[in-house]
Amino acid sequence: MKNEEVLEKVNKGVYLPLMEEFYTIQGEGFHKGTAAYFIRVGGCDVGCHWCDVKESWNAETHPPTAIKQIVDNAAKYSDTIVITGGEPLMWDMTPITTALKNKGLKTHIETSGAYTLSGDWDWICLSPKKNKLPEGRIYDEAHELKVIVYNKHDLIFAEEQAAQTNANCILYLQPEWSVRDKVVPMIVDYVMNNPKWKVSLQTHKYLNIP
Ligand code: SF4
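Within each chain, residue numbers correspond to sequence positions counted from 1 in written order. Per-residue local features of the predicted model are confined to residues with pLDDT of at least 70, and side-chain atom pairs are confined, for both listing and counting, to 80 or more; whole-chain, interface and lining totals are unaffected and use all residues. Note that water and hydrogens are dropped before the side-chain values are worked out from all heavy atoms of the structure.

### Re the sheet that holds strand β8 (residues 170-175)
So the rule is basically this: Note: two strands are recorded as paired if DSSP finds a minimum of 2 bridges between them. Elements are defined by DSSP. Helices are runs of H or I of four residues or more, strands are runs of E of two residues or more, and each kind is numbered from the N terminus. Fitting a line to C-alpha atoms yields each axis, with helices limited to the stretch in contact; the angle taken between N-to-C directions then spans 0 to 180 degrees. We call two residues contacting when some pair of their heavy atoms lies within 4.5 Å.
Pairing is mixed across the open sheet formed by nine strands, whose spatial order is β3-β1-β2-β4-β5-β6-β7-β8-β9. Since the sheet does not close on itself, it has two edges, and those belong to β3 (64-66) and β9 (197-199), each with one partner. Averaged over all adjacent pairs, the angle separating strand axes in this sheet is 30°, with direction ignored. When strand β4 (residues 80-84) meets strand β5 (residues 106-111), the two strands line up parallel, connected through four bridges. Paired with V82 across the two strands is H108, which belongs to β5. Relative to the sheet, helix α5 (residues 153-162) contacts β7 (144-149), β8 and β9, its axis offset from that of β7 by approximately 165°.

### Concerning the packing of aromatic side chains
To keep it simple, the criterion reads: Aromatic pairs are defined between Phe, Tyr and Trp rings, using the six-membered ring for Trp, whenever the two ring centres lie within 6.5 Å; interplanar angles under 30 degrees are classed as stacked, those over 60 as edge-to-face, and all others as tilted. Accessible area is worked out with a 1.4 Å probe on protein chains only. A residue is then buried under 20% of its type maximum, exposed over 50%, and partly exposed in between.
Taken as a whole and assessed by the stated rule, the structure comprises five aromatic pairs. Centre to centre, the rings of F22 and F38 are 5.5 Å apart; their planes meet at 5°, and the pair counts as stacked. Of this pair, F22 sits in strand β1 (residues 15-25) while F38 sits in strand β2 (residues 35-41); the two residues are 16 residues apart in sequence, bridging distant segments of the chain. Assigned by exposure class, F22 and F38 land together as buried. Between F30 and W123 the ring centres are 4.9 Å apart and the planes differ by 20°, which places this aromatic pair in the stacked class. Placement of F30 in the loop between β1 and β2 and of W123 in strand β6 (residues 123-126) is noted, with a sequence separation of 93 residues between them. Three or more aromatic residues link up through ring pairs in this structure, and these residues are Y23, Y37 and Y77.

### Observations regarding unusual backbone geometry
G86 follows G85 through a cis peptide bond whose omega is 15°. Relative to the helices and strands, G86 is located in the loop between β4 and α3 (94-102). Positive phi is not limited to glycine here, since N208 has a value of about 60°. Looking at the element boundaries, N208 is found in the segment after α7 (203-206).

### Focus: the nonpolar core
As a rule of thumb, soluble globular proteins bury nonpolar side chains together. Definition in use: The set of buried Ala, Val, Leu, Ile, Met, Phe, Trp, Tyr and Cys residues whose side-chain atoms join them within 4.5 Å is what this entry labels a nonpolar core.
Counting residues in hydrophobic clusters, the biggest one holds 45 residues, and the most contacted among them are I39, I96, L173 and W197. Among the nonpolar cores identified, the runner-up in size contains six residues, and C44, V46, C48 and C51 belong to it.

Listed below in structure tokens is the structure:
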């Protein structure tokens, strides 16, 4: 297939730049502890300095892959599929979520919300970033808000973001892994004083699994 044809398919969300896919345990947020199949889509321009998947940023380094192949593969492993990145909303998520749902699978997304929400989701984890704020509608749709805490100012940012979410959205503060020893006591203290928040830990990292 010619490059232009591939690019057109990527632009339509029929192909996606696939970085990796793996069956593991969801380590974070509301569904922590649940077995799930992860699809990591390449491409992100949000630029978090502490990002632990910087190799995802350049979409061109990840092979454009037909969503049929991705979905058929995912269905072999789990009924819960988490699409993550990178920033998956850089691409049209409608075709892949439609295909997953047609197979009776549950669709979850982890997103910064920096691009317009597309797709049909059973669970939206919104993890906003200061450098590129979410686009409006996703605050109404998000099931959980997960703010990564790297320093004290992130708690102010967390409150600003929580003020924009819908009333049912579950609120999580999650320590950034590389500074966890420093920020966990601060988060624990904050959650005890502000119990609308919950602590989210990257339990998969403690379990030493992907
Ligand atoms: S939004 Fe996610 S993938 Fe993108 S730079 Fe930030 S942490 Fe990394």
